[in-house]
Each structure stands twice: as structure tokens, then as C-alpha cells.
Amino acid sequence: PSNILYSRQDNVLMIIDWEQASAGDNAMDIAKLFLKSEFSLEQKQEFLEQYEKTLKEKDVSLHERLRVYEPLVLINSILWRIRVLVNAPEQTRSENEEQFYQRVKMRFEQEMDTLRAYVTNYSHHIMKQDLSICENGGLLVLREEKSSM
């Protein structure tokens with residue numbers, strides 16, 4: 001893609017994305033990168049290892065924020081794809097437009113499979129543990145209750 005740049009002089013790979021540019025949480029940006037680039041678990045781990053080396057100070061909550069953002073970014077992408085497909089014309093005007101809608105449909109199906117797997121894994125996790133929800137400064141937090149037995 002045209003937004004991935006490589007500097008031979010510095011031997012550095014850079015990603016520049018001005019679409020929907022905003023000041024926000026780096027964990028959300030990384031979650032979007034993982035989804036859009038279809039990173040494997042090993043690629044995610046390698047990326048995070050290299051990324052964390054570049055930080056001036058350790059980001060102690062990065063991995064936790066990523067666990068929160070990854071399903072939210074996935075759901076947001078699925079909702080965007082639904083909107084595009086619902087509003088798709090009955091007849092496309094060009095081969096490029098047809099390919100675009102086919103890619104959207106294919107990625108929608110892939111992302112739905114990913115969401116189903118996530119929900120299945122998450123529900124198994126919840127059923128295995130006694131979890132309670134507590135409110136902490138307006139933020140809902142799931143926490144594991146310690147059994148007194």
C-alpha cells in the first residue's frame with residue numbers, strides 16, 4: 001500500500017495513514033492495523049515486541065487496552081461493511097466497483113467468522129470463571145472474584 005514507507009537511509013519501516021486522522025489511543029491504532037493487515041498471533045507478538053522497544057517509557061496498560069479495542073474495532077468494521085453492502089447498487093457501473101463490493105463482502109464474511117470465534121472463546125472464558133462487574137470511576141470493569149472456599 002502507498003501508506004507504508006521504507007527509509008533505506010535509516011532502515012526504518014513507517015506507516016502513515018491520514019484517513020480519519022485524529023489524536024487518540026495508540027492501542028486503538030494498533031488494533032486497527034492488526035485487523036486491516038490480518039496479522040497472525042505471531043505477527044502481532046513480533047510487532048508489539050518491536051513497537052515497545054521504541055517507547056520512551058513502558059506502557060503498562062497497552063496489552064489490556066488492545067484486548068478491549070480489538071473486538072470493538074472488529075465490530076466497527078463489520079458495521080461499516082454492512083452499511084456499504086446494504087447501500088450497494090443493484091447494478092455496478094464498472095469492474096472496479098464490482099471488485100470493491102466483492103472485497104467488502106468477502107471481508108465481511110471473514111470478519112463475522114472472527115467475531116463468532118471471539119464470542120465463543122469469550123463465553124467459554126466467562127463460564128469457567130466467577131466474574132462480577134464493578135463500577136470504577138464510570139468505567140465498567142470485569143474482575144475475577146476470589147472464592148472463599
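The structure this text deals with has already been given above.
Everything in this summary refers to the structure shown in the same document. Predicted, not measured: the structure shown is a model, and the values here were computed from it.

**Focus on the environment of R116**
- Inspection of the secondary structure assignment puts R116 in helix 4 (residues 95–128).
- Residue R116 is classed as partly exposed on the basis of its relative accessible area of 47%.
- At 2.9 Å, the side chain of R116 and the side chain of D113 are in polar contact.

**Some points on the pattern of salt bridges**
- In the structure shown here, the tally under the stated rule is 10 salt bridges.
- We note a salt bridge from R81 to E111, for which the minimum N-O separation is 3.0 Å. With R81 in helix 3 (residues 62–86) and E111 in helix 4, the pair connects residues that are 30 residues apart, well separated along the chain.
- Using a relative accessible area of 1% as the deciding quantity, one classes E111 as buried.
- One salt bridge connects R93 with E97, and the closest N-O pair in it is separated by 3.1 Å.
- You can call E97 buried: its relative accessible area is 14%.
- Because the salt bridges share partners, they merge into one network encompassing E38, R81, R107 and E111.

**Looking at the nonpolar core**
- Membership of the largest hydrophobic core comes to 13 residues, with the highest contact counts inside it found for I30, L48, L62 and L66.
- Looking at this core, the element that brings in the most residues is helix 3, giving 6 residues.
- Look past the residues within four positions of L62 in its chain and what remains in contact with it is N26, A27, I30, L48, Y51 and E52.

**Looking at the environment of E98**
- The topology assignment puts E98 in helix 4.
- Separated by 10 residues in the primary sequence, E98 and A88 place their C-alpha atoms 9.8 Å from one another.
- Here T92 takes part through its side chain, which lies 3.0 Å from a polar atom of the side chain of E98.

**What to know about the packing of aromatic side chains**
- Under the criterion given, the structure shown has 5 aromatic pairs.
- When the centroid spacing of 5.7 Å and the interplanar angle of 85 degrees are considered together, the rings of F34 and F47 count as edge-to-face. You can see F34 sitting in helix 1 (residues 26–36) and its partner F47 sitting in helix 2 (residues 41–54), a full 13 residues away along the chain.
- Look at F39 and F47: their rings are 6.1 Å apart centre to centre, the planes differ by 75 degrees, and that puts the pair in the edge-to-face class.
- Given a relative accessible area of 22%, F39 falls into the partly exposed group.
- Overall, the relative accessible area of 24% leaves F47 in the partly exposed class.
- Three or more aromatic residues joined by ring pairs make a cluster, and in this case those are F34, F39, F47 and Y51.

About the thresholds
- Residues numbered from 1 in each chain as written.
- Predicted model: local features only at pLDDT ≥ 70, side-chain atom pairs only at ≥ 80, totals over all residues.
- Heavy atoms only, no water.
- Helix = DSSP H or I, 4+ residues; strand = E, 2+ residues; numbered from the N terminus.
- Buried < 20%, exposed > 50% of the residue type's maximum accessible area, 1.4 Å probe, protein only.
- Polar contact = N/O pair within 3.5 Å; in protein donor to acceptor, adjacent residues only side chain to side chain.
- Salt bridge = Lys/Arg side-chain N within 4 Å of Asp/Glu carboxyl O.
- Core = buried A, V, L, I, M, F, W, Y, C linked by side-chain atoms within 4.5 Å.
- Contact = heavy atoms within 4.5 Å.
- Phe/Tyr/Trp six-rings, centres within 6.5 Å; stacked < 30°, edge-to-face > 60°.

Purely geometric stuff here, so don't read any function into it on its own.
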